[in-house]
Amino acid sequence: MNRLGTIGKVLQLKENREEEIECEVRALRNAVDAHRTRLGILEKSYMETLESFNRKQREGRLAPHEMGIYYSYFFHLGNEMEAKKAAGYYTEGKVLDAAELAAVRGRDLDG
């Protein structure tokens, strides 16, 4: 095989690999967008429930058993959001380093 043919094949392989990488990047962007959307929905649900809780509490319409339900729900949602952020799905704040990620409790419900 002549030198020009070899160079042509190498260039073609590089172009093919570049296209593969671009496809992978697009797929990852789509996945990140989907996770951002899910986290946004979770945060919106949290805020709406918190507003409802605060309104009922101000109006004195919050029964004792409802308070326990609300607190359990807030605890669960808070852990879900923390786990998703720790997994790198989305955060507007500081990106955690390895040591800080190790300290995140995520879905640990024991304490």
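Residues numbered from 1 in each chain as written. Predicted model: local features only at pLDDT ≥ 70, side-chain atom pairs only at ≥ 80, totals over all residues. Heavy atoms only, no water.

Asks: When you look at the overall build of the protein chain in this model, what are you seeing that I'm missing?
Replies: Each helix and strand counted, the protein chain has 3 helices and 0 strands in total. Mapped from its N terminus to its C terminus, the protein chain presents α and β elements in the order α-α-α. Sequence separation of at least 24 residues holds for 56% of the intrachain contacts in the protein chain that already meet a minimum separation of 6. When the accessible surface of the protein chain is summed, it comes to about 8600 Å², and 56% of that surface belongs to carbon and sulfur atoms. (Helix = DSSP H or I, 4+ residues; strand = E, 2+ residues; numbered from the N terminus. Contact = heavy atoms within 4.5 Å. Areas by Shrake-Rupley, 256 points an atom, 1.4 Å probe, with all protein chains shown as cover.)

Asks: Sorry, what's going on with the pattern of salt bridges here?
Replies: A side chain of one charge can pair with a side chain of the opposite charge if their charged atoms are brought near each other. The full count for this structure, using the stated rule, is 5 salt bridges. Across the pair E20 and R17 runs a salt bridge, and its minimum N-O distance is 3.0 Å. Separated by 3 residues within a single helix, E20 and R17 lie in helix α1 (residues 3-59), roughly one turn from each other. Judged by relative accessible area, E20 falls into the partly exposed class, the value being 42%. On the basis of relative accessible area, R17 is assigned to the partly exposed category, the value being 40%. (Salt bridge = Lys/Arg side-chain N within 4 Å of Asp/Glu carboxyl O. Buried < 20%, exposed > 50% of the residue type's maximum accessible area, 1.4 Å probe, protein only.)

Asks: Would you mind showing me how to read the packing of aromatic side chains here?
Replies: Think of a pair of aromatic rings as described by two things: how far the centres are apart, and how the planes are tilted against each other in angle. Counted by the stated rule, this structure contains 6 aromatic pairs. When the ring of F53 is compared with that of Y71, the centres are 5.5 Å apart and the planes differ by 65 degrees; the resulting orientation is edge-to-face. Here F53, found in helix α1, pairs with Y71, found in helix α2 (residues 64-86); they are 18 residues apart in sequence, far enough to count as distant. Members of the aromatic cluster, each reached through a chain of ring pairs, are Y46, F53, Y70, Y71, Y73 and F74. (Phe/Tyr/Trp six-rings, centres within 6.5 Å; stacked < 30°, edge-to-face > 60°.)

Asks: What is the right way to read the packing of α1 against α2 from this model?
Replies: Helix-helix packing: each pair is described by the crossing angle between the helix axes and the interaxial distance. The geometry of α1 relative to α2 is characterised by a closest axis approach of 10 Å and an angle of 155 degrees between their N-to-C directions. Comparing the axis directions of α1 and α2 gives the class roughly antiparallel. Our pair here, α1 against α2, has a crossing hand that is left-handed. Contacts between α1 and α2 involve L39, L42, E43, S45, Y46, T49, L50, S52, F53, K56 and Q57 from the first element and E66, M67, Y70, Y71, Y73, F74, L77, E80, M81, K84 and K85 from the second. For the contact of α1 with α2, a count of residues per class yields 12 nonpolar, 4 polar and 6 charged. (Axes fitted to C-alpha atoms, helices over the stretch in contact; angles between N-to-C directions. Parallel < 35°, antiparallel > 145°, perpendicular 65-115°, else oblique. Left-handed = near helix turned anticlockwise from the far one by under 90°. Nonpolar A, V, L, I, M, F, W, Y, C, P; charged D, E, K, R; others polar.)

Asks: I'm lost on the environment of F53 in this one. Help?
Replies: On the basis of relative accessible area, F53 is assigned to the buried category, the value being 4%. The spacing of F53 and M67 is 14 residues in sequence and 8.2 Å in space, taken between C-alpha atoms. Residue contacts for F53: discarding those within four places in its chain leaves L62, M67, Y70, Y71 and F74.

Asks: Whenever I open this one, α2 confuses me. Can you help?
Replies: Given 3.6 residues per helical turn, the α-helix brings residues three or four places apart onto the same face. For α2, which comprises 23 residues, the first-to-last C-alpha distance of 33 Å matches the rise-based estimate of 33 Å (1.5 Å per residue) to within 8%. Looking only at α2, the buried set comprises E66, Y70, F74, L77, N79, E80, M81, A83 and K84. Looking at the buried side of α2, the elements it contacts are α1. (Expected span 1.5 Å × (residues − 1).)

Asks: Is there a simple way to explain the confidence of the model for the protein chain in this structure?
Replies: Should pLDDT be low for a region, the predicted coordinates there are not to be read in detail. On average, residues of the protein chain carry a pLDDT of 78, and 77% of them reach 70 or more. Of all the helices and strands in the protein chain, helix α3 (residues 98-103) carries the lowest mean pLDDT, 62, while α1 carries the highest, 85. (pLDDT = per-residue confidence, 0-100.)

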